[in-house]
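What follows is each chain in one-letter form.
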Amino acid sequence: MAQQQAEIGIIGGSGLYNMPGLTDTTEITVDTPFGAPSETIVLGTLEGRKVAFLARHGRGHRILPSELNFRANIYAMKSLGVEFILSISAVGSLKAEHKPTDFVIPDQFIDRTFARNATFFGDGIVGHVAFGDPVCAVAAKAFKQGCDDAGVVGKLGGTYVNMEGPQFSTRAESNLYRSWGADVIGMTNLQEAKLAREAEISYATLAMVTDYDCWYEGHDDVTVDQVIKVIHENTANAQRVLAGAIRALPKSNSDTPCASALKYAIMTDKKLIPAATREKLAIFLDKYEG
Ligand SMILES: CSC[C@H]1O[C@H](OP(=O)(O)O)[C@H](O)[C@@H]1O
Ligand SMILES: Nc1ncnc2[nH]cnc12
């Protein structure tokens, strides 16, 4: 097996296009059978651990949520040897108790997308991974520890509505999601969580509340300048939480259920999987075939 180049992947969202705390950095271009990731990847060291940083929307924020090549991003992390992905995202709040600058660590998702490719399967191979618990509990707890260490509000658990965008929600939609009991809303995390599970990578998100979406009477409807303002105020906290989370992560994800998500997932008769598809997915399947 190739040498592991990174243990932990960080996917930085809106406003987080690099990681100033990384040392010994090198920038690499990673190619994948699913196309190019959003950006070159920065390898480096943080808290003594080997880390790979990827800017989700590219540096300079060039890629729409619906245009993101989620498969290439997660495949690239897998090819570097990553076992944990820590994602950072801006989200709107759907509850008064989640205030701008608070952090929420979601443990559930509701899918409101309709234009995304969120599986490595297809082209002659069928697989179904369990997804009742879409977030890795170990990675989520590490984020909580990071929030506690940094002395910031970090709420463990909550439901993230993944909308398609790029327009923000209508007021009727926002109120509908509130009636469902959802906590926060964003445009990017669910596809990453699905693909990370198929890739047997443990995934969790640090969701930074930037606004009250549009449901809250007496508060302005969300705008990008509002989101960016809160992110800028809170970036140093997000970096400190990340460092704390990395300190709290175990060496490997082998003790989590994520690490064996594919064990019983593949439906297709091995003899019938097309050679090109088998080759494309070798990085995931080889360990189950001696
Ligand atoms: C800039 S507001 C909308 C934008 O912010 C969030 O991005 P990310 O999850 O990458 O931080 C949201 O999902 C939208 O893409
Ligand atoms: N209100 C909101 N809706 C969707 N994505 C967001 N990202 C930040 N705030 C958001």
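What you are looking at is a predicted structure, and each value in this text was computed from that prediction instead of being measured.

## Focus on the packing of aromatic side chains
Right, on to step 1. Taken as a whole and assessed by the stated rule, the structure comprises 10 aromatic pairs.
Right, on to step 2. Look at Tyr75 and Phe284: their rings are 5.8 Å apart centre to centre, the planes differ by 80 degrees, and that puts the pair in the edge-to-face class. Residue Tyr75 is found in helix 1 (residues 70–79), and its partner Phe284 is found in helix 7 (residues 282–285); the two are separated by 209 residues along the sequence.
Right, on to step 3. Here the aromatic rings of Tyr177 and Trp180 are separated by 5.5 Å at their centres, their planes lie at 50 degrees, and the arrangement is tilted.
Right, on to step 4. These aromatic residues form a ring-pair network of at least three members: Phe34, Tyr75, Phe120 and Phe284.

## A look at the site of ligand 1
Right, on to step 1. Close to ligand 1 lie Gly13, Ser14, Arg56, His57, Pro65, Ser89, Ala90, Phe168, Gly186, Met187, Thr188 and Val227.
Right, on to step 2. Between ligand 1 and the protein, one listed contact pairs an oxygen atom with a side-chain N or O atom of Ser14 at 2.8 Å.
Right, on to step 3. One of the side-chain N or O atoms of Thr188 is found 2.6 Å from an oxygen atom in ligand 1.
Right, on to step 4. Its free accessible area being 390 Å², ligand 1 has 92% of it covered by the protein chains.
Right, on to step 5. Counted by class, the shell around ligand 1 contains five nonpolar, six polar and one charged residues.

## A few points about unusual backbone geometry
Trans peptide bonds make up the majority, and among non-glycine residues the majority have a negative phi.
Right, on to step 1. A cis amide bond links Gly165 to the next residue, Pro166, at an omega of 0 degrees.
Right, on to step 2. Examined against the element boundaries, Pro166 turns out to sit in the loop between strand 9 (159–163) and helix 3 (171–179).

## Examining the packing of helix 1 against helix 4 (residues 189–198)
Right, on to step 1. The N-to-C vectors of helix 1 and helix 4 enclose an angle of 45 degrees; their axes lie 9 Å apart at closest approach. Considered as vectors, helix 1 and helix 4 are oriented oblique to each other. Taken as a pair, helix 1 and helix 4 cross one another with a handedness that is right-handed. Here Phe70, Arg71 and Ile74 of helix 1 come into contact with helix 4, specifically with Gln191, Glu192, Leu195 and Ala196.
Right, on to step 2. Residue composition of the contact of helix 1 with helix 4, grouped by class: four nonpolar, one polar and two charged.

So, how was this worked out
- Residues numbered from 1 in each chain as written.
- Chains lettered and ligands numbered in written order.
- Predicted model: local features only at pLDDT ≥ 70, side-chain atom pairs only at ≥ 80, totals over all residues.
- Heavy atoms only, no water.
- Phe/Tyr/Trp six-rings, centres within 6.5 Å; stacked < 30°, edge-to-face > 60°.
- Helix = DSSP H or I, 4+ residues; strand = E, 2+ residues; numbered from the N terminus.
- Near = heavy atom within 4 Å.
- Polar contact = N/O pair within 3.5 Å; in protein donor to acceptor, adjacent residues only side chain to side chain.
- Areas by Shrake-Rupley, 256 points an atom, 1.4 Å probe, with all protein chains shown as cover.
- Nonpolar A, V, L, I, M, F, W, Y, C, P; charged D, E, K, R; others polar.
- Axes fitted to C-alpha atoms, helices over the stretch in contact; angles between N-to-C directions.
- Parallel < 35°, antiparallel > 145°, perpendicular 65-115°, else oblique.
- Left-handed = near helix turned anticlockwise from the far one by under 90°.
- Contact = heavy atoms within 4.5 Å.

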